[in-house]
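Listed below, chain by chain, are the residues.
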Amino acid sequence: MTGRENMELVWQHKQPEWVPMINTDAQMIITPEINDRPLFMSGKDAFGLEWELDPAHPELMTHVKPGSEIFDDISEWREYIKFPTCEGINWEAAAMRTKAMWAKKDIIQGYVVCNMGAFERICAMMGHVNGLMAMYDDEEAYAAYVEAYADYRIEQMEYFKKYLDVDFLMMHDDWGNQQNMFFSPEMWRKFFKEPERRMVQRCHELGMHYMHHSCGYIEPIIPDLVEIGVDSWHSVSPVNDLKTIKEKYGDKLIFAGGVDPQVTDTGSATEEEIRAEVRRAIDTLGKGGGFMCSSAVMFSTVPKVDGIIDDECAKYGRYDTLKFD
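Quick caveat, the model's predicted, so the values are computed rather than measured.

Caption draft 1: Just the packing of helix α5 (residues 118-126) against helix α6 (residues 128-137), in detail. Following both chains from N to C, one finds α5 and α6 inclined at 125°, their axes separated by 6 Å at the closest point. As summarised for this structure, α5 and α6 are arranged oblique, according to the angle between their axes. Handedness of the α5/α6 crossing: right-handed. Facing α5, whose interface residues are F119, I122, C123 and M126, α6 presents H128, N130, G131, L132 and A134. Per-class residue counts for the contact of α5 with α6 are six nonpolar, three polar and no charged.

Caption draft 2: Fine view of the pairing of strand β5 (residues 109-114). Within β5, six of the six residues are buried, leaving the element largely enclosed by the surrounding structure. Neither face of β5 is exposed, since Q109, Y111 and V113 on one face and G110, V112 and C114 on the opposite face are all buried. Sheet topology places β5 next to strand β6 (residues 168-172); four bridges connect them, and they run parallel. The partner of V112 across the bridge, within β6, is L169.

Caption draft 3: Region of the structure containing the packing of aromatic side chains. Evaluated as defined, the whole model comprises 25 aromatic pairs. A ring pair is formed by W11 and F168, whose centres lie 5.2 Å apart and whose planes are at 55°; its orientation type is tilted. Of the two residues, W11 is situated in helix α1 (residues 3-11) and F168 in strand β6; the sequence distance between them amounts to 157 residues. Considering the side-chain rings of F83 and Y152, the 5.2 Å spacing of their centres and the 35° angle between planes classify their relative orientation as tilted.

Caption draft 4: Structural context of empty space enclosed by the protein. Tallied over the entire structure, the rule returns one cavity of 30 Å³ or more. The calculated volume of the largest cavity comes to roughly 80 Å³. Lining the largest cavity are 14 residues, and of these A118, D173, F192, E196 and M199 sit closest to its centre. Sorting the residues of the lining of the largest cavity by element identifies α7 (139-164), β6 and α9 (193-205) as the ones contributing at least two each. In terms of residue class, the lining of the largest cavity is made up of nine nonpolar, three polar and two charged.

Caption draft 5: Layout of the pairing of strand β10 (residues 291-295). Most of β10 is tucked away: five of the five residues are buried. Where strand β9 (residues 254-259) lies against β10, five bridges are found, and the strand directions are parallel. Pairing of A256 across the sheet is with M292, part of β10.

Caption draft 6: Up close: the pattern of salt bridges. Counted according to the given criterion, the structure contains 27 salt bridges. R153 is paired through a salt bridge with D36; the nearest N and O atoms lie 3.0 Å apart. With a gap of 117 residues between them, R153 in helix α7 and D36 in the loop between β1 (26-28) and β2 (43-44) connect regions that are remote in the sequence. With respect to class, R153 is no different from D36; both count as buried. Close ionic contact of K252 with D251 constitutes a salt bridge, the shortest N to O distance being 3.3 Å. The exposure class assigned to D251 is exposed, which follows from its relative accessible area of 52%. Overlapping salt bridges, with partners in common, bring together E186, R189, K193, E194, R197, D224 and E227 in one network.

Caption draft 7: Inspection of the environment of M21 at higher detail. Secondary-structure assignment places M21 in the loop between α1 and α2 (22-25). For the pair M21 and A256, spaced 235 residues apart in sequence, the C-alpha separation works out to 8.8 Å. Excluding residues that lie within four positions of it along the chain, M21 makes contacts with A26, C293, D310, C313 and A314.

Caption draft 8: The layout of surface pockets, seen in detail. In this structure, the second largest pocket occupies an estimated 260 Å³ of space. Surrounding the second largest pocket, K243, K246, E247, D283, T284, K287, K323, F324 and D325 form its lining. Contributions of two or more residues to the lining of the second largest pocket are made by α11 (242-249) and α13 (271-285). Here the element with the most residues in the lining of the second largest pocket is α11; it accounts for three residues. Partitioned by chemical class, the residues of the lining of the second largest pocket number one nonpolar, one polar and seven charged.

Caption draft 9: Geometry of the sheet that holds β5. Across the sheet, which stays open at both edges, the seven strands sit in the order β1-β5-β6-β7-β8-β9-β10 with parallel pairing between neighbours. With partners counted over all chains shown, the strands left at the sheet margins are β1 and β10, one partner each. For this sheet, the mean angle separating the axes of adjacent strands, direction not counted, is 25°. Direction of pairing for β1 relative to β5: parallel, over a ladder of three bridges. What sits directly across from Q27, in β5, is G110. On top of the sheet, α7 reaches β5, β6 and β7 (209-213); it is set at about 155° to β5, its chief contact.

Conventions used here
- Residues numbered from 1 in each chain as written.
- Predicted model: local features only at pLDDT ≥ 70, side-chain atom pairs only at ≥ 80, totals over all residues.
- Heavy atoms only, no water.
- Axes fitted to C-alpha atoms, helices over the stretch in contact; angles between N-to-C directions.
- Helix = DSSP H or I, 4+ residues; strand = E, 2+ residues; numbered from the N terminus.
- Parallel < 35°, antiparallel > 145°, perpendicular 65-115°, else oblique.
- Left-handed = near helix turned anticlockwise from the far one by under 90°.
- Contact = heavy atoms within 4.5 Å.
- Nonpolar A, V, L, I, M, F, W, Y, C, P; charged D, E, K, R; others polar.
- Buried < 20%, exposed > 50% of the residue type's maximum accessible area, 1.4 Å probe, protein only.
- Pairing = 2+ DSSP bridges.
- Phe/Tyr/Trp six-rings, centres within 6.5 Å; stacked < 30°, edge-to-face > 60°.
- 1 Å grid on protein atoms, 1.4 Å probe; cavity = no way out; pocket = protein on both sides within 12 Å on 5 of 7 lines; lining within 4 Å.
- Points joined across faces, edges and corners; volume = space filled by probe spheres on them.
- Salt bridge = Lys/Arg side-chain N within 4 Å of Asp/Glu carboxyl O.

And the structure:
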């Protein structure tokens, strides 16, 4: 069985032969045509916002350059946010690069990461405090912005499928932290639920699976994600009651990630501690299938950790030897 076939069983809510690892059983398709933020280099994104590396920690993702936020009043968002269009991009060239990158297309699945969701984007453009307050300052303007953001992503999906022919889309928007959601579940439902539903529906119409990445605590809205058709939740931080969520929604929602960086990425974690964390994630989320393994933040920033995670998952995550309570 190929990794592609094994992973497809997971999407179908069937038990695979092994717990697939996103980092090895799938290929991330990176294309400069979609510049949500410069990756591992300083510079501007497609919205004109300036990002920079931390010179003391070049292994980390870029952050918005301090002082470069573009505006501070959500009622004026149309004056400052110009959504990039896919028209005029040389997608044939992008497809050629993808074909060269994705050499194992017949063996493993491929996916595109939409690196910043509507909430992360507005916080980047306005600054985090202003971005948090924007939905309270002008509800009508904020709702219009989120709908426009969904339109922007839906246009991209059609090009992703036509030219890159990926199997699934990973949409990023971090709605939670280690203690709570950044806003109430009611506010999420007011602003984000229906635009997210539209994105899910279009993704499915185009023949792709839909995975949403959100770090942190988002347990109150898991039933909503299931309702609107989200196929998979990536991150799956243990700050959520994962055992209960798996029991309630394991036949409807695929869990991806699950390995807690609070354990593995301390810099002082031993190899056995990292391996034990992988086993915990599989034991909690792997019963009957429905689990894809990786760090909850996709990739570790600590040397050798991802290799240990992948190795332990490959050794421990065989369903012919796994035993669950």
